[in-house]
Amino acid sequence: MLGLDNIEKVKPGGLELKDRLVSVNRVTKVTKGGRAFGFSAIVVVGDEAGTVGFGLGKSKEVASAIAKAVEDAKKNLVKVPVVNHTIPHQTSARYGGADIFLRPATHGTGVIAGGTVRMVVEAAGIKDILSKSKGSSNPHNVVKATFKALLDIRRPEEIAKLRGISLNKVFNG
């Protein structure tokens, strides 16, 4: 999807997925017979328990573009580490002109994020997070940068195993 190696892919079977429409864009193709209108839609789907995916659909009608985007999103589901309704550590990522910064937040903070980032993190089941979107506000690039940032996150257990130390030592030095 975005060229990262520590991605845990998920099959959509048996999951209670909710889809969120991020944006619909009308595109125009000028032909000999006049203008031909089409629509492209970007959708985020997730089970609000750590599984999330995004998809792009294009069609002559809005409804079928959204349906195609949902089907594409279900093919690209990934697992995101969520610990106590937030992320384990801060991260940032850049995709195209979009630059995303994500930081874990204490319980009760809520989702402090712009519209596009908010849809992705809520679909992933993250309830407490601080974020900042810098650079481009193009929804396609913001969604991809947010996914890149979320997929860069590693679980504390994974880091402890990699370093060969106890989980307690990862947090307390």
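Read on for a plain summary of the structure. These figures come from a predicted structure and were not determined experimentally.

## A word on the sheet that holds strand 2 (residues 34-46)
Adjacent strands of a sheet pair through backbone hydrogen bonds, lying either parallel or antiparallel. Reading across from one edge, 1-2-3-4 is the order of the four strands in this open sheet, with antiparallel pairing throughout. If you trace the sheet from one side to the other, it starts and ends with strand 1 (18-31) and strand 4 (78-79), each paired once. The sheet contact formed by strand 1 and strand 2 spans 13 bridges and is antiparallel. Among the inter-strand pairings, Leu 21 is bridged to a residue of strand 2, identified as Val 43. Against the sheet, helix 1 (residues 62-75) makes contact with strand 1, strand 2 and strand 3 (51-59), and its axis sits at roughly 145° relative to strand 3, the strand it touches most.

## With respect to the sheet that holds strand 7 (residues 111-112)
In spatial order, the strands read 5-6-8-7; together these four strands make up an open sheet with mixed pairing. The strands lining the two open edges of the sheet, one partner per strand, are strand 5 (91-95) and strand 7. Pairing of strand 6 (residues 98-104) with strand 8 (residues 129-135) involves seven bridges; the strand directions are antiparallel. In the strand pairing of strand 8, Pro 104 is matched with Ile 129.

## Observations concerning the pairing of strand 6
Pairing of strand 5 with strand 6 involves five bridges; the strand directions are antiparallel. Paired with Ser 92 across the two strands is Phe 101, which belongs to strand 6.

## Some remarks on the pattern of salt bridges
The tally for this structure, following the rule as stated, stands at five salt bridges. Close ionic contact of Glu 48 with Arg 20 constitutes a salt bridge, the shortest N to O distance being 2.5 Å. Taken together, the positions of Glu 48 in the loop between strand 2 and strand 3 and Arg 20 in strand 1 put the pair 28 residues apart, joining distant regions of the chain. According to the relative accessible area criterion, Glu 48 is partly exposed, its value standing at 28%. Among the residues examined, Arg 20 registers a relative accessible area of 21% and is labelled partly exposed.

## Some thoughts on the nonpolar core
With 29 residues, the main nonpolar core has Val 44, Val 52, Leu 102, Val 143 and Leu 150 as its most contacted residues. Going through the elements one at a time, strand 2, strand 3, strand 6, helix 2 (115-124) and helix 3 (139-152) are the ones with two or more residues in this core. The element that contributes the greatest number of residues to this core is helix 3, accounting for seven residues. Setting aside residues no more than four positions away along its own chain, Val 44 makes contact with Lys 18, Asp 19, Arg 20, Val 22, Val 52, Gly 53, Phe 54, Met 119, Val 120, Ala 123 and Val 143. The next biggest cluster of nonpolar side chains, apart from the first, holds 10 residues, and it includes Val 10, Val 45, Ala 65 and Val 70.

## Here we look at the side chain of Thr 146
Topologically, Thr 146 is positioned in helix 3. Exposure remark for Thr 146: the relative accessible area of 0% places this residue in the buried category. In contact with Thr 146, other than residues within four places in its own chain, are Ile 100, Val 117 and Val 120.

Criteria and thresholds
Residues numbered from 1 in each chain as written. Predicted model: local features only at pLDDT ≥ 70, side-chain atom pairs only at ≥ 80, totals over all residues. Heavy atoms only, no water. Pairing = 2+ DSSP bridges. Helix = DSSP H or I, 4+ residues; strand = E, 2+ residues; numbered from the N terminus. Contact = heavy atoms within 4.5 Å. Axes fitted to C-alpha atoms, helices over the stretch in contact; angles between N-to-C directions. Salt bridge = Lys/Arg side-chain N within 4 Å of Asp/Glu carboxyl O. Buried < 20%, exposed > 50% of the residue type's maximum accessible area, 1.4 Å probe, protein only. Core = buried A, V, L, I, M, F, W, Y, C linked by side-chain atoms within 4.5 Å.

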